[in-house]
Amino acid sequence: MKRIVKMVLAANLLAIALLAFVYPQQMVGPGKLVAGHQKLEADCFACHAPFIGASSARCVTCHKPADVGRLTTAGQPIAKPLTAVPFHQKLISQDCVACHSDHAGVKRFRQQGRFDHALLQEEAAGQCQECHKSPADSLHQQISGNCGQCHNRQKWVPATFEHNRYFALDRNHDTRCVTCHVRNDYKRYSCYGCHEHSPASIRREHIEEGISRFDNCVECHRGADKHDIRGGRGEGTGRRENERSRKKHDD
Amino acid sequence: MTTSLWRRHVLPFTLLAGLLAAATLAGDYLLHRLALVWVGRYLGIPGTLLIIGSLIYSLRKRKYIAAGSPKSLLALHEFAAWLGSLMVLIHAGIHFNAILPWLATVAMGVNVISGMVGKLLLDRSRLHVQGQRERFQLRGLSKSEVEQAVFWDAVTFDAMTQWRKVHIPIFIVFAALALGHIISILLFWGWA
């Protein structure tokens, strides 16, 4: 290689190296910084520790954990907080970069708006309504709390609970949840919440049929058709077994 | 330039370069389609290792090492550099951010083209011009007539030889820029 070529190459590479130090954000930064951090564009080490990366210890020098979601870094109340209730104080650890990425290029590789609820302290994790509004549909409007009975924290939608597996909400049972689940307690149910069934009438009907165990209705009845006997001791689900059960029930 | 030189040498080169471009676009599309964009983020590592591995041929050619058949190492150099470049191109295409890594990518692209010229055009065109010259001589053409007949082939061959001379300087530029990108990643990446 000619000497002049070597010199030109060296000069160009040196110029690029200098530009990287003067304009680090443009030369090596993975995309624009979030609006609040744009003043730090030329000071990578305000957030990054060399060969370690962005460190939570550096975040908390400006963002006091007790104030996050409440006050700005200047100590002023936040005018429009992103969440209704501050929750950073209820996290199990101070790992800012587990959720936050300030460069646009890094954000692209993260699912935005996703929060790992495993980072919440156990007590806070069960209080969904502290941060989340209850859905406006008629089902959820009847419910308060106990979200975890139907939803899980890994995947909120779809709900894991399939009511028809236990009891089909057909015909006369298309009613308000609290009719059967008194005080929104979905661990229990009662068939005596409506005028159709009463302990006395149910007892009478079953004793007449020679059935002595009738305390757990859904063990045998999985829907409005009282002749559709599915469960019980045999757990028969086939048509013939259903008919046999119905006959036995009717007899 | 004769039709033969175009069809037998320039066209394969164009196809090989086109295949690299098509494979890059296909890889990028598939990663986006399959929601595997994060894979592209890390493809730069195996790509770089393949390119570094391909340099064994250069060491052998310059007699820094004695082991290995030069012919096999050349084949390895061509394949590993092509595949490594493909991975780096997909890696680069996944995210379009800072200037330094893009300069490195452009330098790599020019380097790959330069390498392909070496592979597909230089050797074959040399053989082709030589063959043409011998054929014309066998037909009884005088030396000046032969030179006139192979003039455009010879001009092409000379141009290719000149082009190949930029292969090493461009590689040095590519290596320096890539090194800068790698150092910046090591420096700022969240290892903790």
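Residues numbered from 1 in each chain as written. Chains lettered and ligands numbered in written order. Predicted model: local features only at pLDDT ≥ 70, side-chain atom pairs only at ≥ 80, totals over all residues. Heavy atoms only, no water.

A.B. asks: Requested: an account of the nonpolar core, with residues and values cited.
C.D. replies: In this structure, Leu20, Met108, Met116, Phe174 and Leu177 of chain B are the most contacted members of the largest nonpolar core, which totals 30 residues. Contacts of leucine 177 of chain B, omitting those with residues within four sequence positions, involve Leu13 and Ile16 of chain A together with Leu100, Leu103, Ala104 and Ala107 of chain B. (Core = buried A, V, L, I, M, F, W, Y, C linked by side-chain atoms within 4.5 Å. Buried < 20%, exposed > 50% of the residue type's maximum accessible area, 1.4 Å probe, protein only. Contact = heavy atoms within 4.5 Å.)

A.B. asks: I'd like to hear about the packing of aromatic side chains, residue by residue, with values.
C.D. replies: Residues and elements named next belong to chain B. According to the stated counting rule, one finds 4 aromatic pairs over all chains in the structure shown. Their ring planes at 70° and their centres at 6.3 Å tell us that phenylalanine 171 and phenylalanine 174 sit as a pair that is edge-to-face. Placement of the pair is phenylalanine 171 and phenylalanine 174 together in helix α9 (residues 167-188), with a separation of 3 residues, close to one helical turn. Exposure remark for phenylalanine 171: the relative accessible area of 23% places this residue in the partly exposed category. For phenylalanine 174, a relative accessible area of 8% translates into the label buried. Centroid distance tryptophan 189 to tryptophan 191: 6.3 Å. Interplanar angle 55°. Geometry classified as tilted. Members of the aromatic cluster, joined through ring pairs, are Tyr42, Trp189 and Trp191. (Phe/Tyr/Trp six-rings, centres within 6.5 Å; stacked < 30°, edge-to-face > 60°. Helix = DSSP H or I, 4+ residues; strand = E, 2+ residues; numbered from the N terminus.)

A.B. asks: Tell me what's going on with unusual backbone geometry, and back it up with residues and numbers.
C.D. replies: In this structure, phenylalanine 51 of chain A takes a positive phi of about 60° despite not being glycine. Along the polypeptide, phenylalanine 51 of chain A turns up in the loop between β1 (48-49) and β2 (53-54). At lysine 63 of chain B, a residue that is not glycine, the phi angle is positive and equals roughly 65°. Mapped onto the elements, lysine 63 of chain B comes out in the loop between α4 (56-61) and α5 (70-94). When its relative accessible area of 70% is taken as the criterion, lysine 63 of chain B is described as exposed.

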